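So you can see what is in the structure, the chains are spelled out below.
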Amino acid sequence: MTLPAFVELAIGLSFLYMMLAILSSSLLEYLAAKHGWRGRCMRAGLRRLLEDRWIYMAVIRHPTVAALYRDEGGRFPPPSYMPPENFAEALLDVLLQKAIELAPGAGLARGPQQTIGSYRQAAQICADAGYASGGAAIPLLDHAGSVEEAKVSLGKWYDTTMNRISGNYKRDSQQRLFWIGLAVALLLNVDSIAVTAQLLKSSGTRSALADLAATTLCTTTEDGIDCELPASAAPEDLKQVKEAVSNAHVEMGRLADAGLPIGYACLGGVKSGANALTDDLAGALDSCRGYWQQAAAVTTAADGSVTGVSFNWAMFGELIFRIVGWLITAGAISFGAEFWFGLATKFINLRGSGPKPKAMANGS
């Protein structure tokens, strides 16, 4: 394969996977918001940070944290993010409150004007009573010269734990994105093996798809080629989910018009019209039943009852390759839209000779 052909192949596949990843990521964000996955992750990290259940419950119900909840503070769905300064302020106030309950004669009192010494004393009282959160806060308070410095230290402690939890959430999200991508690949019949074979075989399809990617993602300016990732928004309800899928189907229709073998033949492929999804699915059961009956070699009696089934092994082998192609597509989608956008733009710049060099400063 020549270098221009390879570049066009890379642009075409990257653009295809990027468009599918945008749809899949939008669906993932919808599910994450609906089921509170980010908030659950945040609360799991907070629970790991604060081993004492009383301290943990008091922190998530503290006014500075409860204000972040969509509904009643501490109730589902939890907020997806808590600023470290909110956590620090809530924890110090909760430790002070608990210390006052544990040692009424210690001279502590709630109020806006607290010193680092009073918070240190409160943490020590909680630690002596067996509250691990108080003991964990003591070293941070010892190294702080003021209340503001203490809040910064507690915020960093919180951030460090949340970064570890965020890594777990990203891994979980990538796995979920794979399964959503597999569902999208099945819905739109995007078989990576068939698509790649068509791009390798047809220079016209490669060129048309590369041109479509360049015009969709990039504009030519005086400084070279300027590319931008298409905007996407997570659907907020099922109506918007249906609109997102329908819009994606229209985009797939544009790719099919460029020559890609996507969509189900028994549904007439995919189209780029305004009612593409509705038109394609009209009469789907009747039109596709014959295909699968042929694949399974179903024989029927005069009354319509099934009298026998035998596999058409040639079509069965084709199905196996198609399943592998769907899995490859799902795996590619799991890398995310930004990955494929970055790859596509690099090859688009290479194909278009790249951006012009910036002017050198005077005297350099």
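Conventions and cut-offs
Each residue is numbered by its place in its chain's sequence as written, counting from 1. Thresholds applied to this predicted model are a pLDDT of at least 70 for local features of residues and 80 or more for the giving and counting of side-chain atom pairs; totals over whole chains, interfaces and linings are not thresholded and use all residues. Side-chain measures here rest on the full set of heavy atoms in the structure, leaving out hydrogens and waters. Counting from the N terminus, the helices are DSSP H or I runs at least four residues long and the strands are E runs at least two residues long. Whether a residue is buried, partly exposed or exposed follows from its accessible area with a 1.4 Å probe, protein chains only, as a fraction of its type maximum: under 20%, in between, or over 50%, in that order. Whether two residues are in contact is decided by their heavy atoms: any pair within 4.5 Å suffices. The Shrake-Rupley method, run with a 1.4 Å probe sphere, supplies the accessible areas, and residue values consider only the shown protein chains as cover. For the purpose of counting charges, residues Lys and Arg are taken to be positive, whereas Asp and Glu are taken to be negative. His and the chain ends are not included. Salt bridge criterion: a side-chain nitrogen from Lys or Arg within 4 Å of a carboxyl oxygen from Asp or Glu. Under the rule applied, a polar contact is a pair of N or O atoms within 3.5 Å (in protein, one hydrogen donor and one hydrogen acceptor; residues adjacent in sequence only if both atoms are side-chain atoms). An axis is simply a line fitted to the C-alpha atoms; with a helix, the fit covers only the stretch in contact. Between two such axes, the angle follows the N-to-C directions and lies from 0 to 180 degrees. Comment on the angle field: the value is read as roughly parallel under 35 degrees, roughly antiparallel over 145, roughly perpendicular from 65 to 115, and oblique elsewhere. Crossing handedness is defined as follows: a turn of the near helix away from the far one that is anticlockwise and smaller than a right angle gives a left-handed crossing, while the clockwise case is right-handed. For Phe, Tyr and Trp, rings pair up if their centres lie within 6.5 Å, where Trp contributes its six-membered ring, and each pair is then called stacked (planes under 30 degrees apart), edge-to-face (over 60) or tilted (otherwise). Two conditions define a charge located above a ring, namely a distance within 6 Å from the ring centre to NZ of Lys or CZ of Arg, and an angle within 35 degrees of the ring normal.

Asker: Can you lay out the overall build of the chain for me, pointing to particular residues and giving the numbers?
Answerer: Across its full length, the chain carries 15 helices and four strands. A buried classification covers 44% of the 364 residues belonging to the chain. By sequence separation, contacts in the chain at least 24 residues apart represent 67% of the contacts at least 6 residues apart. Carbon and sulfur atoms make up 57% of the accessible area of the chain, which amounts to about 19,400 Å² in all.

Asker: Can you lay out the side chain of R206 for me, pointing to particular residues and giving the numbers?
Answerer: On the secondary structure map, R206 appears in helix α10 (residues 203-217). No salt bridge forms around the buried R206; measuring N to O, its nearest opposite-charge neighbour E8 is 4.0 Å away. A distance of 2.7 Å separates the side chain of R206 from the backbone oxygen of L199, its partner in a polar contact. With residues near it in sequence (within four places) discarded, R206 still touches A5, E8, L9, L199 and L200.

Asker: Quick rundown of the packing of helix α1 (residues 3-35) against helix α8 (residues 147-188)? Include the residues and the values.
Answerer: One way to put it is that α1 packs onto α8 with a least axis distance of 9 Å and a crossing angle of 120°. With respect to each other, α1 and α8 are oriented oblique. Crossing handedness for the pair α1 and α8: right-handed. Here α1 contributes L20, L23, S24, S25, L27, L28, L31 and A32 to the contact with α8, which in turn contributes Y169, S173, R176, L177, I180, G181, V184 and L188.

Asker: How would you sum up the packing of aromatic side chains? Please name residues and give values.
Answerer: By the definition in use, this model includes eight aromatic pairs. For the pair F335 and W340, a centre-to-centre distance of 6.2 Å together with 80° between the ring planes defines the contact as edge-to-face. An aromatic cluster is present here, built from Y17, F335, F339 and W340 joined pairwise through their rings. The ring of Y56 carries the charged tip of R47 above its face, separated from the ring centre by 5.4 Å. Over the ring of W54 we find K98, and its NZ or CZ is 4.2 Å from the ring centre.

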